[in-house]
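# What the coordinates show
One letter stands for each residue in the lines below.
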Amino acid sequence: MSNADIIGLTTQFLTPNYARFPLAFSKGKGARLWDFEGREYLDFGGGIAVTSLGHAHPRITAALAQQAQTLTHTSNLYHTESAGRLAQTLVGLLGNGKCFFCNSGAEANEALYKLARKWGHDSGRYEIISTHNSFHGRTLAGIAATGQEKVKKGFEPAVEGFRQVPFNDLAALEKAISEKTAAILIEAIQGEIGIIPASPEYLLGLRKLCTERNLLLMIDAIQCGVFRTGKFLSYERILENTKSHGFLPDAVSMAKGIANGFPIGAAWIRQPFADVLSAGSHGTTFGGTPLACSAALATLEIIREEKLDANAHLQGDYLKKQILGLRSPHVREVRGFGLMLGVELQPDIPALKVEGKSPAALFASRLHELGLLTIPSGNPVMRLLPPLNVTRAECDEAVEKLSRGLSQLSQLQH
Ligand SMILES: *Cc1c(COP(=O)(O)O)cnc(C)c1O
């Protein structure tokens, strides 16, 4: 089949809810993808921060094959070895608590909403305060928690009990707390809107506020977690130069990068809240299957053995420095930590002005022609989310392609 055949097939038979680029891939290896006609792409999008170890990693393939040959699924009526071991690993990375496994990010957040509601129930509290420009997934509760009008539009009435306030504004949050408030939900780095990190003062202030007002502090680490920033969770990276040892939220949702592309979501819940979701109160058929948990265990093991947290830190710093070194007049700012970087373009670049199209998507298309995949954001920000084992040579290659794409913007003024 050709690229056009695939695109024709999906356009005819899949619902049109995604604005897909006209690209289709037949195989991948490490940080590279190939389309159906053999054209090579350097993948600095990582399937939106999912393929932490790159494509077709031999040890992940082996872990999946080995588990598939042994046992794929039994259900949550029974105990599962790999789920127990994965939860133990996550508790070791996060702190004293317990885990719930599901199949996606939106579902991991759903577990947090239900935790907050069940916990607040007896005192009549159910409200969750989140922030403007956040993203928490596409379920009905997810879009109610998300601070972007465009994801809510057309799906009213909204699920009750969610409210948004400006991000990085502790006073606004404090003011919004009512006698109905049970929890605060934030991303430590807002991803979808274009890589906006929380400030250390905001994180520390929220922790103090939640403790004082008896609220759960819940962190959506779906995009910025799992070592992407050089630390297991991005708040550790944000707080690393402060004296705030022991900062710990009450619940954390994870998904995307945790199993290198095999679907799994996870909620970690701190003690003393870890038993709030009691027997019969929540569940999912597929959550924590042997197959998903084996893929996640292998992913975390490889990251640890190969010290890919340190690599993410190192290559991320290098990548940021090299992009800034281009001194492109079209780049307004380079933000982020480790391998979660946002390259913000200047507003109103004439070459990126097309009726009905976002500048970020237009620039991403230009980069596709140069063989580089990036992830456009809501704002004119290109997200770079390469695998955690990316090499310096691959970073150089990406910067060279980015540099060519940026130069083209000057030649193409119209
Ligand atoms: C991707 C994402 C989600 C939703 O995850 P899905 O697996 O798509 O349901 C939620 N929160 C954040 C921060 C995300 O980046």
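Above: the structure in question.
What counts and what doesn't
- Residues numbered from 1 in each chain as written.
- Predicted model: local features only at pLDDT ≥ 70, side-chain atom pairs only at ≥ 80, totals over all residues.
- Heavy atoms only, no water.
- Axes fitted to C-alpha atoms, helices over the stretch in contact; angles between N-to-C directions.
- Helix = DSSP H or I, 4+ residues; strand = E, 2+ residues; numbered from the N terminus.
- Parallel < 35°, antiparallel > 145°, perpendicular 65-115°, else oblique.
- Left-handed = near helix turned anticlockwise from the far one by under 90°.
- Contact = heavy atoms within 4.5 Å.
- Phe/Tyr/Trp six-rings, centres within 6.5 Å; stacked < 30°, edge-to-face > 60°.
- Lys NZ or Arg CZ within 6 Å of the ring centre and 35° of its normal.
- 1 Å grid on protein atoms, 1.4 Å probe; cavity = no way out; pocket = protein on both sides within 12 Å on 5 of 7 lines; lining within 4 Å.
- Points joined across faces, edges and corners; volume = space filled by probe spheres on them.

### Some thoughts on the packing of helix α13 (residues 359–369) against helix α14 (residues 392–411)
To characterise two packed helices, one gives the angle between the axes of the helices and the distance between these axes. Between α13 and α14, the shortest axis-to-axis distance is 9 Å and the interhelical angle comes to 120 degrees. As far as their axial angle goes, α14 and α13 are oblique. Regarding α13 and α14, the two cross each other, and that crossing is right-handed. Between α13 and α14, the residues in contact are F363, R366 and L367 and K401, L402, G405, L406, Q408 and L409, respectively.

### Quick look at the packing of aromatic side chains
One pass over the structure, following the stated rule, counts six aromatic pairs. Positioned over the ring face of W34 is K27, at 5.3 Å from the centre of the ring. Above the face of the Y318 ring, R392 is positioned so that its terminal group lies 3.9 Å from the ring centre.

### Some thoughts on the layout of surface pockets
Estimated volume of the largest pocket: approximately 2,000 Å³. Taken together, 49 residues line the largest pocket, and the ones lying closest to its centre are Y18, I48, E192, I375 and R383. Empty space within the second largest pocket amounts to approximately 760 Å³. Lining the second largest pocket we find 24 residues, and of these N76, C99, F100, F101 and L277 sit closest to its centre. Sort the elements by how many residues they give to the lining of the second largest pocket and strand β4 (residues 97–102) lands first, with four residues.

### Concerning the packing of helix α12 (residues 308–325) against α14
Interhelical geometry of α12 versus α14 gives an angle of 25 degrees and a closest axis separation of 10 Å. Between α12 and α14, the crossing angle belongs to the class labelled roughly parallel. In terms of crossing hand, the pair formed by α12 and α14 is right-handed. Contacts between α12 and α14 involve Q315, Y318, L319, Q322 and I323 on the former and, on the latter, R392, C395, D396, V399 and L402.

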